[in-house]
Amino acid sequence: MTSALLEVEDLSIEFATEAGPLRAVEQVSFRLEAGRTLGLVGESGCGKSVTSLALMGLLPGNGRIVTGRILFEGTDLATLDQAALRRLRGRRLSMIFQEPMTALNPVYRAGDQIVEVLRRHEGLSRRAALDRAIEMLARVGIAAPEQRMVDFPHQMSGGMRQRIMIAMALVCRPRLLIADEPTTALDVTTQAQVLAEISQLAAELDTAVLLITHDLGVVAETCDEVMVMYAGQVVEQAPVGALFAQPRHRYTEGLLASIPRIRKQPLERLPVIPGTVPELSAMPTGCRFAARCPQAQADCRARTPELRMLGRSRSACFHPAGEE
Amino acid sequence: MSALPTDLIGLEPAIGRSPVRRAAGRLLADRWAMLGLAIVLLFFVIALGVWAGLWGGNWMASAGQRWEGPSTRHWLGTTILGQDILERVLFSTRTAFEIGLIVALASSMLGALFGALSGYFAGTLIDSAVLWLTGVLDAIPFYLFVAALAFALKGNPWAMHIAMVATFWTTTARLVRGEVIKLKELEFVEAARAIGLHPLTIIHRHILPNTFHILLVQATIVFVAAIKSEVILSFLGLGVQDGVSWGLMIAESTTEVTAGHYMNFVAASSFLFVLVMGFNLFADGLQDALDPKRSGR
Amino acid sequence: MDLLTYTLRKLIGGIPLILGVTLISFVLMVHFGPDKTYELLSKNPTAEEIAQVRSQLGYDQPFWVRYGNYLGQLASFDFGYSDSTGERVASILSRTVPISLALLAPGFVLGNLLGIVLGLVAAWHRGRWIDKAIMGFAVVGMSISFLVVIIAFQIVFGVWLGWFPVRGWNVHDFSSYLHYVTVPTLASVFVALGYNTRFFRAVLVEEMGRDHVRTARAYGAGPVTILYRNVLRNALIPIITRIMFSIPLVVISGSLLIESYFGIPGVGKATFDAITSGDQPILKSVVGLTAVLFVLILIVNDILYRAVDPRVSLK
C-alpha cells in the first residue's frame, strides 16, 4: 500500500470550556493521496473546521488534540512544536478560510502580504518575490496583476480577495491545500469561477486539496473522494461517484434525499431529516445518528458502529442502505 | 389543537436561559466581583447608618485634645481641632454615597436621554446639536468648569454636583448613541416602525431597555469618578462646602503630614481606596458578565 | 496642498466648538463672575470713580460686545493684563507653559509607553498568571486617588528619604531638571498606568481575535511578526486616539494638581491661583487656548488616522 500524502488516524480533539471538557471530534480517520481532492462534508458544528484547524496546528487556546496521529509526508504533525509547524505552514501545507473580507491584513498592500510569505519560506529577494507573486496572481485569473499587487484589500471585491488568498496559499507550491468553505461567502457566479480556479491550479501544481463544505453540489463538481462527518465523527467515506450513486450511511442518504431536484413524480413535501444534532455535552451512546434515523434498531443505540467497507464505500452503520 | 397558554408569565423557555439570567449567573460566579459587591454593600450600610443617626453624628464636635493618637475613646485619634477622626471618616461615607448616587443617577438619565435621541435621529440636526454639546463640554477642562460654575452659582453647595453631572453625562450619551445606532438597524425596530409606533414610543419601549447594560456599567464608573473627583475638588476648595468628606479630610491633612500626623490622611485614604477598589472590582465583573469576550477568554 | 485644504476645512469646522466652549465659559466666569469694581477703588468711592472703574473693567458694555471682545482677544492672543499681578497675560503664559511641558512630558510619554508594553504582555499571555498580575496592579492603581499618591510620594521621598526635592522648581541645568521632575513624573505614571494598561490590553486583545491574525499564523508568521505587523499596527487607531485625547486631560488637570501641590510655577499653578483669586484675564486665556488646543488635537488625530490606516480617506 503506497503511503498517502496525508493520513489521519483516530484523531480526537477536545475543548476546555466553562462546562468542562467537550469533545468536538471523535476518532476521525482518513487518507488523502497526493494530487487528489477530498471533500469534507457536514453541517455546522459537525467538527469539519476543527479537524482542519488541528491539521494546521491552529486550534484556539482552549482546544487540544487528545489522541491520534496526523501523518503528513510521514511526519506526525500532532507531535511537532510551534516552531516546526511554522516552517511548514504556507510552504508544505496551506489553508484558506471562509471569510475573504477579513482574512487579509487591511493596513498592508495585497502584494506585500504575498511577498512576505515568499520571503519567509523561500528566502527570495524582494524583486524575485514580487515577480513570483505577480505570476501567481495571473495564474489565479486576476487581470492586471501588477495593479492588484499595490492595492489594499478594502479596494477589492470579495471574489478578488479570495483569489489573492488562493495565490498566497499556492505560491510556495505546497503539497496540500486545505480550503475551509472558500466560496460560501461569495455570490454564486464568483463561486463557480473560484472553485474552477482552485481545481485547475491544484491539477497543474499537483497539489492535494481538502475541500471543506456543506454544499454537496460543490462536492459533486470538484472532488475525487468525499468524507461525511456527523456530530464529530466520520460516518462515510467514498469516491464521489459511488457516494452519489449509492449512499451507505443513513445520514448521507437523508442528505442526498433532501436536495431539491427534478423528479419523475411530484412530491407532496421535500424529505427532511427530523430532529437536531445532539449537544456536544450530551452525546448519546451508540450511533450518534440513531435518534434521527428511520432505520434505527436496538443494536444501533447499544454499540458504536465502526467504519466498514461496503462496495466502494466505507461507512459506520450497522444497517447501511443498499445492502438488500 | 390543544389550547395555547394565554399567559406567558412564569413559563421557562424549553432550551437555554435568557441573556439576563446567563449574565447574572456569570456575575454571581465571579469571586472578585462578589467581593467588590460585598465591599460596596458594607460601605452602603455604613452610609445608611449615618443617615439613620447610628454613628458618625459627632463629626463636628471638638471632643478631645488636638492630634491625639488612637485610643479607646477615639479609635482613630483626633484632628488638629480635636475632632474624632473615626466619626468624621464614617460621616464622609455618607457624603461619598450622596455625591456618587446623585451624580451617577442624574448623569445616567441625561446620558440615556440625549444618547437615545442623538442615536435614533443620527445624522439630523438633533444629532448634530447633541454631538456639538458633548464636544463642547468635553473640551472644557473639568476643574475650570467646576470653578466657573462655583462662581456663577455664588457658592451654592450643589455647584459641584451640577458640574460633575454636566461633565460625566457626555461619555454615557456617546456610548448610548453608538448602541442605539446599531439597535435601530435591527429587524425588531423595523417591525415596530412598520406597525406604526411613534419614534418616542419605540425609543422608550424597545430601544432604551436594550441599553440598560451600558447604563448600569457606566453608572458604576461615574460613581467612582465622582467620589474621586470630589477629593481633588475639595483640595482645591471647590468641593464639599458643608459637612465633611474624605476629600476634605485629605485636604486638611496636607499640612499635618509633614509634621508626622498621619491618622487623618491614612484613615480617609484607606476608606476611599477600599470603596473605590470594591466598586472597580464589581464594575469589572459586571462588564465581563455582560460581555464575556471582553476579557479575551 | 491636499493636506492644507483639509486642515483649513477642519479648522473652520471646529469653530462652532470653539464658540461653544468660549461662550459657556464666558457666561459662567465673566458674566456671572465676581464683580471686581470695589477691589480697585479706595474707601469711599464717588459715583464718578465707580463709573470710571466700571468702564475700565468693561462692565458697562452689553454682553455681546464683551463676548466679541473676548473672541477678538483670542484671535490675536492678546488677553491684556492679569488682574492680580498686572503682568501681561501673554508673558505669563510664555513663562509658565514651557515649565508645565517640561514637567509633564516625561510622565506622559512614560505612562503611555509603559502602558502599551504592559498591555501587550498582558494581552499576549491573556488568561495566565502574568496577565492576572498585571491587571491586578492596574485595578489597584486605578483605585488610588491622584492626590493621595502625590501626598504619599511627598512624605516618602521628601520627608522620609529626602532623595528628591518635593517643592519648587529650581532648574538650571539637566541634572537639576532630573532632580525636580522625578517625583512628579513617578506620581503621574503611577496614576495613569492602571487606566492606560487596561485600555491598551483591551484594544490589543480585540485585535488579536481578528481573522487576519489567524491568516498570518496559518502562513508561518512567528510571535514577533504577528505582534508587530498584525496586532500593534492595526490597533494604532484606537491607541492614537486615546493618547491624543488624553493630552488635554493631562496638561490641564494634571498640571493643575501637581503644580499647586509641589509649588511648581507652571500654567497649572497660574490657573489655580487665578481660580482662587478670580483673575479673569488668565482664566479667559486658559479656557480659550484649551478650546483651540482641543480642535487642533482633533485635526492632528484625523491626519494621523490617515497616515496609519489606508482605509480612512481625507474627505
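Structural notes on the overall build of chain B
Here's step 1: Of regular secondary structure, chain B possesses 11 helices and zero strands.
Here's step 2: In sequence order, chain B lays out its α and β elements as α-α-α-α-α-α-α-α-α-α-α.
Here's step 3: Taken over the C-alpha atoms alone, chain B extends approximately 85 × 45 × 35 Å along its principal axes.
Here's step 4: Taking all contacts inside chain B whose residues are at least 6 apart in sequence as the whole, residues at least 24 apart take part in 68%.
Here's step 5: Split by element, the accessible area of chain B, about 14,500 Å² in all, is 68% carbon and sulfur.
Here's step 6: Looking at chain B, you have 20 positive and 20 negative side-chain charges, and the mean spots of the two groups are 4 Å apart.

Regarding the overall build of chain C
Here's step 1: Along its length, chain C carries 12 helices and zero strands.
Here's step 2: Secondary structure elements of chain C, listed N to C terminal, follow the sequence α-α-α-α-α-α-α-α-α-α-α-α.
Here's step 3: Over its C-alpha atoms, taken along the principal directions, chain C stretches across nearly 85 × 55 × 35 Å.
Here's step 4: A fraction of 71% describes how many contacts in chain C between residues 6 or more apart in sequence connect residues 24 or more apart.

With respect to the environment of Q287(B)
Residues and elements named next belong to chain B.
Here's step 1: Secondary-structure assignment places Q287 in helix α11 (residues 263-290).
Here's step 2: On the accessibility criterion, Q287 (21% relative accessible area) is partly exposed.
Here's step 3: On a C-alpha basis, the gap between Q287 and V217 in space is 6.6 Å, while along the polypeptide they are 70 residues apart.

A few points about the nonpolar core
Here's step 1: If you look at the biggest cluster of nonpolar residues, it comprises 119 residues, and the most contacted ones within it are M164(B) and W246(B).
Here's step 2: Once residues lying within four places of it in the same chain are set aside, the contact partners of M164(B) are I99(B), V103(B), F142(B), A226(B), S229(B), E230(B) and L233(B).

Some remarks on the pattern of salt bridges
Here's step 1: Taken as a whole and assessed by the stated rule, the structure comprises 32 salt bridges over all chains.
Here's step 2: For R177(B), the salt bridge goes to D127(B), with nearest N and O atoms at 2.9 Å. Within this pair, whereas R177(B) is found in helix α6 (residues 159-183), its partner D127(B) is found in helix α4 (residues 125-139), the two being separated by 50 residues in sequence.
Here's step 3: Classification of D127(B) as buried rests on a relative accessible area of 3%.
Here's step 4: What you see here is one network of salt bridges that share partners, running through E14(A), R23(A), E26(A), R64(A) and R288(A).

Description of the pairing of strand β10 (residues 233-239) of chain A
Residues and elements named next belong to chain A.
Here's step 1: Taken across its seven residues, β10 has six buried, putting it largely inside the fold.
Here's step 2: Direction of pairing for strand β9 (residues 225-230) relative to β10: antiparallel, over a ladder of six bridges. Residue M227 lies in a different strand from β10, and its bridge partner there is Q237.
Here's step 3: If you look at the hairpin formed by β9 and β10, you'll find two residues sitting between the two strands, and A231 has a positive phi there, around 50°.

Focus: the packing of helix α10 (residues 223-262) of chain C against helix α12 (residues 280-308) of chain C
Residue and element names in this part refer to chain C.
Here's step 1: In contact at an axis separation of 10 Å, α10 and α12 are set at 170° when each is read in the N-to-C sense. The angle between α10 and α12 places the two elements in the roughly antiparallel class. Between α10 and α12 lies a crossing of right-handed hand. Side by side, α10 and α12 meet where R233, L236, I237, I240, T241, M244, F245, I247, P248 and I252 of the first sit next to T290, F294, I297, L298, V300, N301, L304, Y305 and V308 of the second.
Here's step 2: For the contact of α10 with α12, the per-class residue count stands at 15 nonpolar, three polar and one charged.

Things to note about helix α3 (residues 85-120) of chain B
Here's step 1: In this model α3(B) runs 51 Å from its N-terminal to its C-terminal C-alpha over 36 residues, within 8% of the 52 Å that 1.5 Å per residue would give.
Here's step 2: One side-chain oxygen at the N-terminal end of α3(B) lies 2.7 Å from the backbone nitrogen of L86(B); it belongs to D84(B).

Regarding the confidence of the model for chain C
Low pLDDT marks stretches whose predicted atomic positions should not be read closely.
Here's step 1: Per-residue confidence for chain C averages 83 on the pLDDT scale, and 91% of its residues sit at or above 70.
Here's step 2: This prediction of the complex comes with two scores: 0.84 for pTM and 0.87 for ipTM.

Here's the deal with the side chain of S12(A)
All names here are of chain A.
Here's step 1: Assignment of secondary structure puts S12 in strand β1 (residues 6-17).
Here's step 2: Within the structure, S12 has its side chain in polar contact with the backbone nitrogen of Q27 (distance 2.9 Å).
Here's step 3: Discounting residues that sit within four places of it in the chain, S12 has contacts with R23, V25, E26, Q27, R64, I65, V66 and T67.

Digging into the interface of chain B and chain C
Interfaces are frequently sized by the accessible area removed from exposure as the parts join.
Here's step 1: If you look at the interface, chain B gives 40 residues, while chain C gives 46 residues.
Here's step 2: Interface area for chain B against chain C, summed over the two sides, is near 3,800 Å², with a carbon-plus-sulfur share of 77%.
Here's step 3: The interface formed by chain B and chain C includes one salt bridge.
Here's step 4: Among the salt bridges present, the one from R198(C) reaches D284(B), with a minimum N-O distance of 2.6 Å.
Here's step 5: One can count six residue pairs in polar contact (both at pLDDT 80 or more) joining chain B with chain C.
Here's step 6: When residues of the side of chain B that touches chain C are traced back to their parent elements, those giving at least two are α4, α5 (142-152), α9 (212-235), α10 (246-256) and α11 of chain B.

A word on the interface of chain C and chain A
Here's step 1: Listed by partner, the interface residues are 20 residues for chain C and 27 residues for chain A.
Here's step 2: In total, chain C and chain A occlude about 2,100 Å² of area from one another, counting both sides; carbon and sulfur atoms represent 57% of this.
Here's step 3: Three residues stand out in chain C for area buried against chain A, namely Y219(C), R229(C) and P310(C), and they jointly supply 35% of the buried area on that side.
Here's step 4: Put simply, chain C and chain A have one salt bridge between them.
Here's step 5: At the junction of chain C and chain A, the tally comes to 11 residue pairs in polar contact (both at pLDDT 80 or more).
Here's step 6: Residues belonging to the side of chain C that touches chain A are distributed by class as follows: six nonpolar, seven polar and seven charged.

A few points about the state of the cysteines
Residues and elements named next belong to chain A.
Here's step 1: Counted by the stated rule, this structure contains zero disulfides over all chains.
Here's step 2: Free cysteine C287: the closest other cysteine sulfur is in C300, separated by 6.1 Å.
Here's step 3: No disulfide involves C317; its sulfur sits 6.2 Å from that of C293, the nearest cysteine.
Here's step 4: For C317, a relative accessible area of 9% puts it in the buried group.

Some thoughts on the packing of aromatic side chains
Here's step 1: A full pass over the atoms with the stated rule returns 22 aromatic pairs over all chains.
Here's step 2: Between F153(C) and F190(C), the ring centres sit 5.9 Å apart and the planes meet at 75°, which makes this aromatic pair edge-to-face. Here the residue F153(C) occupies a position in helix α7 (residues 146-161), and F190(C) occupies one in helix α8 (residues 174-208), the gap between them amounting to 37 residues.
Here's step 3: Judged by its relative accessible area of 36%, F190(C) is partly exposed.
Here's step 4: An angle of 70° between the planes, with centres 5.9 Å apart, marks the rings of F245(C) and F294(C) as edge-to-face. Of this pair, F245(C) sits in helix α10 while F294(C) sits in helix α12; the two residues are 49 residues apart in sequence, bridging distant segments of the chain.
Here's step 5: By way of ring pairs, the aromatic residues F44(B), F97(B), F223(B) and F279(B) are connected into one cluster.
Here's step 6: It is R214(C) that lies over the ring of F97(A); its NZ or CZ is 3.9 Å from the centre.
Here's step 7: Lying over the aromatic face of Y108(A), R229(C) brings its terminal NZ or CZ to 4.1 Å of the ring centre.

Conventions and cut-offs
- Residues numbered from 1 in each chain as written.
- Chains lettered and ligands numbered in written order.
- Predicted model: local features only at pLDDT ≥ 70, side-chain atom pairs only at ≥ 80, totals over all residues.
- Heavy atoms only, no water.
- Helix = DSSP H or I, 4+ residues; strand = E, 2+ residues; numbered from the N terminus.
- Contact = heavy atoms within 4.5 Å.
- Areas by Shrake-Rupley, 256 points an atom, 1.4 Å probe, with all protein chains shown as cover.
- Lys, Arg positive; Asp, Glu negative; His and termini not counted.
- Charge placed at Lys NZ, Arg CZ, Asp CG, Glu CD.
- Buried < 20%, exposed > 50% of the residue type's maximum accessible area, 1.4 Å probe, protein only.
- Core = buried A, V, L, I, M, F, W, Y, C linked by side-chain atoms within 4.5 Å.
- Salt bridge = Lys/Arg side-chain N within 4 Å of Asp/Glu carboxyl O.
- Pairing = 2+ DSSP bridges.
- Axes fitted to C-alpha atoms, helices over the stretch in contact; angles between N-to-C directions.
- Parallel < 35°, antiparallel > 145°, perpendicular 65-115°, else oblique.
- Left-handed = near helix turned anticlockwise from the far one by under 90°.
- Nonpolar A, V, L, I, M, F, W, Y, C, P; charged D, E, K, R; others polar.
- Expected span 1.5 Å × (residues − 1).
- Polar contact = N/O pair within 3.5 Å; in protein donor to acceptor, adjacent residues only side chain to side chain.
- pLDDT = per-residue confidence, 0-100.
- Buried area = accessible area lost by both parts, 1.4 Å probe.
- Disulfide = S-S within 2.5 Å.
- Phe/Tyr/Trp six-rings, centres within 6.5 Å; stacked < 30°, edge-to-face > 60°.
- Lys NZ or Arg CZ within 6 Å of the ring centre and 35° of its normal.

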